[in-house]
Amino acid sequence: MNAARADIAILGGGLAGGLVALALARLRPDLSVTVIERGATLGGNHVWSFFSSDLPAGGEALIAPLVEAHWSGYDVCFPEYARTLDTAYRATTSHRLDAALRAALPAHAIRTGVEVRSCTPTSAVLADGETVAAGAVIDARGISDYPSITGGWQKFLGQRLKLAKPHGLTRPIVMDATVEQVDGYRFVYCLPFASDEVFVEDTYYADGPGLDRDQLAGRIAAYAQGHGWQTLGIVAEEQGVLPVVAGGDFDRLRSTAGHRAALAGTRAGLFHPLTSYSLPDALRFALTLAAQRDLGGAALANFSEKYARSHWNKAWYYRKLTALLFAAAAPEQRYRVMQRFYSLNPRLIERFYAGQSTLSDRFRILAGIPPVPVTSALGVLTGLGARPRTLGH
Ligand SMILES: Cc1cc2nc3c(=O)[nH]c(=O)nc-3n(C[C@H](O)[C@H](O)[C@H](O)COP(=O)(O)OP(=O)(O)OC[C@H]3O[C@@H](n4cnc5c(N)ncnc54)[C@H](O)[C@@H]3O)c2cc1C
């Protein structure tokens, strides 16, 4: 049976699709929306974090129902120093996104356990052959192929640990790089969700995408033990292998979708090239989309293409920084680049994560990045030197 035709069909109920649906429900309640997700729940299995300074105007209210924990600052630890920064940090979770969407949309608007096979700007074909027609289609099914993209990988295993006693952390450790440096730049990330519950993630900025789950689990256990934390159990676990982008071709990336419908989220290339984080961009995109006057299929496809291209073009500087990190710095020395970066002005650091670095920030970040030799740095910046490797086909 065909479902009633919706004004907007969102394919993929993950972070970006979910935020577009929430933005439309809030700002365009006159429109009907359908979310089609192949998983049993919306949002998958994630903890998505962000700095409060990443949020675009109007983003606070939209993201609020998704926030499970917030802290007024965070720590970073490097071999040569540790620092507390006063930027607020928040963590959202998939199950909160699922609950928020179910509260915002009528039950018939959410179709889980349904796989999309193909789409056009105004229709989608499902795995069982059903065709869903809509005023406009937004494809937010995530990204898995990276043609022409060069760079490296950010890979990690995160576990939410239940402890026998309080861990003593009062704020997140966003980077603890005092750990052994293996497989590129390695750091541990800790989110204290409750006094006896901490999310510990072992993270690598590596040349290759390979991830040995058991090895990383062992390192998380060793890290917990090193802090005197006795683990009673693992409440949740997640892993990721995300692209860190040094270069590429927007049109080739766009063409992997295989259709001309509007794209959202990582599928549209809307993420920070160096951190691979996409929440701030997904939020900004959702709010901008909901404010468009024409939300028809062709208009939305056009809008999303222009938006994503502009994002790609504006992000060139962060791609150059990735190139410096991966091509000019020896893997075991990469931590020193971040160690220096975190010694800079906290407002500059905020603008960097928000993808809003000013011209003077850009000079400041680049001025004397250790331990990159000047000749390698110049080679990377001019495109004449060592090149980062290709990630996709
Ligand atoms: C474990 C992990 C942790 C992360 N942590 C952070 C973080 O802290 N902060 C941050 O900003 N970023 C983080 N990221 C990076 C990035 O923001 C996330 O990957 C984010 O979920 C991407 O959003 P998206 O909507 O583009 O894709 P997704 O959230 O992956 O959503 C895509 C959805 O489409 C569905 N789908 C795919 N194919 C089909 C199909 N054929 N039919 C129907 N449905 C389909 C999927 O099931 C999925 O639900 C993390 C990534 C991972 C993997």
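Note that the structure is predicted; figures quoted are calculated from it, not measured.

Visitor: So what about the overall build of the protein? Which residues, and what values?
Guide: If you tally the helices and strands in the protein, you get 12 helices and 18 strands. Along the longest, intermediate and shortest principal axes, the C-alpha atoms of the protein span 60 × 55 × 35 Å. Taking all 393 residues of the protein together, 55% fall into the buried category. When the 39 basic and 35 acidic side-chain charges of the protein are each reduced to a single mean position, those positions are 5 Å apart.

Visitor: Lay out helix α11 (residues 359-366) in plain terms, naming residues and giving numbers.
Guide: Residues D361, R362 and I365 constitute the buried set of α11. All buried residues of α11 fall inside an arc of 100° around its axis, so they share one side. Away from its buried face by more than 90 degrees, α11 exposes L359, S360 and F363.

Visitor: Explain the sheet that holds strand β3 (residues 47-51) residue by residue, including any values.
Guide: Reading across the sheet, the three strands line up as β3-β7-β4 and stay open at both edges, with antiparallel pairing between neighbours. The open sheet is flanked by β3 and β4 (67-71), the only strands paired with a single partner. Looking at each pair of strands side by side, their axes are set apart by 20° on average, direction ignored. Here β3 runs beside strand β7 (residues 89-93); their pairing, made up of five bridges, is antiparallel. Bridge pairing in β7 links V47 to T93.

Visitor: With reference to specific residues and values, describe empty space enclosed by the protein.
Guide: The rolling of a water-molecule-sized probe over the atoms marks out the regions of remaining empty space. Applying the stated criterion across every chain, the model contains three cavities of 30 Å³ or more. Estimates place the volume of the largest cavity at around 280 Å³. Considering the residues around the largest cavity, the lining is formed by 22 residues, among which M175, Y205, T275, Y277 and Y353 are closest to the centre. Of all the secondary-structure elements, those providing two or more residues to the lining of the largest cavity are β3, β13 (173-176), β14 (185-194), β15 (197-206) and α10 (346-353). Here the residues of the lining of the largest cavity sort into 16 nonpolar, four polar and two charged.

Visitor: How would you summarise the environment of Y185 if you had to cite specific residues and measurements?
Guide: Along the chain, Y185 turns up in strand β14. With 51 residues separating them in the primary sequence, Y185 and A236 have C-alpha atoms 25 Å apart.

Visitor: Which residues make up the pairing of β7, and what are the values?
Guide: On any regular strand, side chains alternate: one points to one face of the sheet, the next to the other face. Most of β7 sits out of view: five of its five residues are buried. Neither face of β7 is open: one carries Y89, A91 and T93, the other R90 and T92, and all of them are buried. Sheet topology note: the β4/β7 ladder contains four bridges and is antiparallel. By the bridge assignment, W71 is partnered in β7 with Y89.

Visitor: Account for unusual backbone geometry, with residues named and values stated.
Guide: For S148, which is not glycine, the phi dihedral falls at a positive 75°. Positionally, S148 belongs in the loop between β11 (131-139) and β12 (150-163). Given a relative accessible area of 14%, S148 falls into the buried group. For S276, which is not glycine, the phi dihedral falls at a positive 65°. Position of S276 relative to the elements: it lies in the loop between β17 (262-263) and α6 (279-290).

Visitor: Go over the side chain of S278, please, and point to the residues and values.
Guide: Within the secondary structure layout, S278 lies in the loop between β17 and α6. Since its relative accessible area comes to 16%, S278 is described here as buried.

Visitor: Report on the nonpolar core, specifying residues and quantitative values.
Guide: Core analysis: the largest hydrophobic core is formed by 58 residues, its most contacted members being I8, L19, L24, I63, L289 and L300. When residues no more than four places from it in sequence are discounted, the contact partners of L19 are L62, I63, L66, L279, A282, L283 and A286.

Visitor: Provide a residue-level description of helix α1 (residues 15-27), including the pertinent values.
Guide: Under the 1.5 Å per step criterion, the end-to-end length of α1 is 18 Å for 13 residues, consistent within 8% with the ideal 18 Å. Those residues of α1 that sit buried are L15, A16, G17, G18, L19, V20, A21, L22, A23 and L24.

Visitor: Hey, could you go over the site of the ligand for me, with residue numbers and the actual values?
Guide: Surveying the vicinity of the ligand reveals 29 residues, the closest of which are A16, E37, S49, T266 and S278. At a separation of 2.5 Å, an oxygen atom of the ligand approaches a polar side-chain atom of S278. Relative to its free-state accessible area of 960 Å², the ligand is covered by the protein chains to the extent of 89%. The pocket occupied by the ligand, as judged from atoms lying within 2 Å of grid points, is the largest pocket.

Visitor: Outline the pattern of salt bridges, supporting the account with residue identities and numerical values.
Guide: By the definition in use, this model includes 26 salt bridges. E68 is paired through a salt bridge with R96; the nearest N and O atoms lie 3.9 Å apart. Taken together, the positions of E68 in strand β4 and R96 in helix α3 (residues 94-104) put the pair 28 residues apart, joining distant regions of the chain. Across the pair R347 and E350 runs a salt bridge, and its minimum N-O distance is 3.0 Å. In this pair, R347 and E350 are both assigned in helix α10, three residues apart and thus about one turn of the helix distant. Each of the salt bridges in this network shares a partner with another, and the network as a whole consists of E68, R96, R160, K162, D196 and E197.

Conventions used here
- Residues numbered from 1 in each chain as written.
- Predicted model: local features only at pLDDT ≥ 70, side-chain atom pairs only at ≥ 80, totals over all residues.
- Heavy atoms only, no water.
- Helix = DSSP H or I, 4+ residues; strand = E, 2+ residues; numbered from the N terminus.
- Buried < 20%, exposed > 50% of the residue type's maximum accessible area, 1.4 Å probe, protein only.
- Lys, Arg positive; Asp, Glu negative; His and termini not counted.
- Charge placed at Lys NZ, Arg CZ, Asp CG, Glu CD.
- Arc of directions from axis to C-beta.
- Pairing = 2+ DSSP bridges.
- Axes fitted to C-alpha atoms, helices over the stretch in contact; angles between N-to-C directions.
- 1 Å grid on protein atoms, 1.4 Å probe; cavity = no way out; pocket = protein on both sides within 12 Å on 5 of 7 lines; lining within 4 Å.
- Points joined across faces, edges and corners; volume = space filled by probe spheres on them.
- Nonpolar A, V, L, I, M, F, W, Y, C, P; charged D, E, K, R; others polar.
- Core = buried A, V, L, I, M, F, W, Y, C linked by side-chain atoms within 4.5 Å.
- Contact = heavy atoms within 4.5 Å.
- Expected span 1.5 Å × (residues − 1).
- Near = heavy atom within 4 Å.
- Polar contact = N/O pair within 3.5 Å; in protein donor to acceptor, adjacent residues only side chain to side chain.
- Areas by Shrake-Rupley, 256 points an atom, 1.4 Å probe, with all protein chains shown as cover.
- Sits in = over half its atoms within 2 Å of the grid points.
- Salt bridge = Lys/Arg side-chain N within 4 Å of Asp/Glu carboxyl O.

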